[in-house]
Amino acid sequence: MIAASAVPVITIDGPTSSGKGTISRSVARALGWKLLDSGALYRLVALAGQLAHLDPDDVDGHVSIARRMQVEFQADDTGEERVLLEGEDVTGAVRAETTGQGASRVAVWPAVRDALVARQRAFAEPPGLVADGRDMGTVIFPAAELKVFLTASAEERAARRHKQLISKGSTANLADLSREIAERDQRDSSRAVAPLKPASDAVLLDSTGLAIQQVVARVLALGRERGLWKV
Ligand code: C5P
């Protein structure tokens, strides 16, 4: 077995709709590295709880799900990612706004977070891992070679999320989204365990007004400057 420290890790943390997912995926592709979308794991716990008709306040029930759930991340023929829960394709449901809200509630419970630690660390496989989330650099991979904390103004994040939902054919209201994003930021930043905050050694990157490719280029440049890769 390869020690976790033998595998280089880049962490990309930040608030909701800061572009972490898109940036992390692009960086992982450019490097040919693995990707951990840790938010998807919290979403899956919330979704599995809903599907099992668990009481939303049932901590033990959600902890048990976090320990036992069978999850697979796959790419389909077109390169689109599919998420399977107990063998069922839940790709659409996992990205739903209500699932994100549910994720942010179960993510407050320390026992749920603990139950997901080993699962997240197991994603660190050669040749390297790009880990996307809220506490990747602070809790899950504190020895990561490069830590990025990605932000963008709340207005820009709400506008991005709005555009994303509309392009998927969903109806979305910008004012509602802004309010939900503010609520989620507040809950994620104020929780007692693993709150959303930059690691002391993270590089802060504000993507307001920047195109995706500019942010990806900046992350790749940071790794190059540190001698992590030549890309
Ligand atoms: O990133 P995403 O929006 O998919 O995350 C959903 C929720 O999961 C977040 O609002 C946050 O509460 C929680 N989360 C977390 N720690 C992570 C990733 C996500 O608490 N590493």
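Provided above is the structure to which this section pertains.
Predicted model only: the values in this text are computed from it and were never measured.

Participant: Looking at this structure, how should I read the pairing of strand β4 (residues 81-85)?
Facilitator: Across a regular strand the side chains alternate sides, sitting on one face of the sheet and then on the other. Of the pairings in the sheet, the one linking strand β3 (residues 71-75) to β4 comprises five bridges and is antiparallel in character. Counterpart to A75 in the pairing with β4 is E81. Count of turn residues in the β3/β4 antiparallel hairpin: five residues, of which G79 carries a positive phi of about 90 degrees. In this sheet, strand β5 (residues 88-89) lies alongside β4 in antiparallel orientation, the contact comprising two bridges. Note on β5: the bridge partner recorded for L84 is D89. Remark: two residues form the turn of the hairpin made by β4 and β5, two consecutive strands paired antiparallel; E86 in that turn has positive phi of roughly 50 degrees.

Participant: Where do I start with the sheet that holds β5 in this structure?
Facilitator: Whenever strands of a sheet pair, they do so through backbone hydrogen bonds, lying parallel or antiparallel. Judged by pairing direction, the sheet is antiparallel, and its three strands sit side by side in the order β3-β4-β5 without closing on themselves. In this open sheet, the two edge strands, each paired with only one partner strand, are β3 and β5. Across the face of the sheet, helix α2 (residues 38-51) comes into contact with β3 and β4 while running at roughly 120 degrees to β3.

Participant: Is there a simple way to think about helix α8 (residues 154-167) in this case?
Facilitator: Residues spaced three or four apart along an α-helix face the same direction, because each turn holds 3.6 residues. Taking 1.5 Å per residue as the helical rise, α8 with its 14 residues ought to reach 20 Å, and the 20 Å between its terminal C-alpha atoms agrees with that figure. Taken as a whole, α8 has its buried residues at R157, A158, R161 and L165. Burial along α8 is one-sided: seen end-on, the buried residues are contained in an arc of 100 degrees. Facing away from the buried side of α8, by more than 90 degrees, are the exposed residues E155, K163 and S167. Residues of α8 that are buried make contact with α4 (91-95), α5 (97-106) and α9 (174-190). One or two positions beyond α8, positive phi appears at G169, with a value near 85 degrees.

Participant: How should the pairing of strand β6 (residues 129-133) be read in this particular structure?
Facilitator: Among the five residues in β6, five count as buried, and that is most of the element. Residues of β6 alternate between two faces, with L129, A131 and G133 on one and V130 and D132 on the opposite face, all of them buried. As paired elements, strand β1 (residues 9-13) and β6 share five bridges and run parallel to each other. When the bridges of β6 are listed, T11 appears paired with A131. Both strand β2 (residues 34-37) and β6 contribute to a ladder of four bridges, which runs parallel. The partner of L36 across the bridge, within β6, is A131.

Participant: Just to check I follow, could you spell out the packing of helix α3 (residues 59-68) against helix α6 (residues 110-121) for this structure?
Facilitator: Viewed as axis vectors pointing N to C, α3 and α6 meet at an angle of 5 degrees, and their least axial separation amounts to 9 Å. Regarding the angle of α3 to α6, the classification is roughly parallel. On α6, the residues touching H62, V63, A66, R67 and R68 of α3 are A111, V112, A115, L116 and R119. Of the residues contributing to the contact of α3 with α6, the split by class is six nonpolar, one polar and three charged.

Participant: Sorry if this is basic, but what is going on with the sheet that holds β6 here?
Facilitator: If you walk across this open sheet you meet the five strands as β2-β6-β1-β7-β8, and the pairing is parallel. Each of the sheet's edge strands pairs with one partner strand only, and the pair in question is β2 and β8 (203-206). With strand direction ignored, the average angle separating the axes of adjacent strands in the sheet is 20 degrees. Examined bridge by bridge, strand β7 (residues 146-151) and β8 share four bridges and lie parallel to one another. Bridge pairing in β8 places L150 opposite L205. Lying over the sheet, helix α10 (residues 212-225) contacts β7 and β8, oriented at roughly 155 degrees with respect to β7.

Participant: For this particular structure, what's the right way to read the environment of E156?
Facilitator: Structurally, E156 is set in helix α8. The spatial distance from the C-alpha of E156 to the C-alpha of A66 is 32 Å, given a sequence separation of 90 residues. Apart from the residues lying within four places of it in its own chain, the contact partners of E156 are S207, T208 and G209.

Thresholds applied
- Residues numbered from 1 in each chain as written.
- Predicted model: local features only at pLDDT ≥ 70, side-chain atom pairs only at ≥ 80, totals over all residues.
- Heavy atoms only, no water.
- Pairing = 2+ DSSP bridges.
- Helix = DSSP H or I, 4+ residues; strand = E, 2+ residues; numbered from the N terminus.
- Contact = heavy atoms within 4.5 Å.
- Axes fitted to C-alpha atoms, helices over the stretch in contact; angles between N-to-C directions.
- Expected span 1.5 Å × (residues − 1).
- Buried < 20%, exposed > 50% of the residue type's maximum accessible area, 1.4 Å probe, protein only.
- Arc of directions from axis to C-beta.
- Parallel < 35°, antiparallel > 145°, perpendicular 65-115°, else oblique.
- Nonpolar A, V, L, I, M, F, W, Y, C, P; charged D, E, K, R; others polar.

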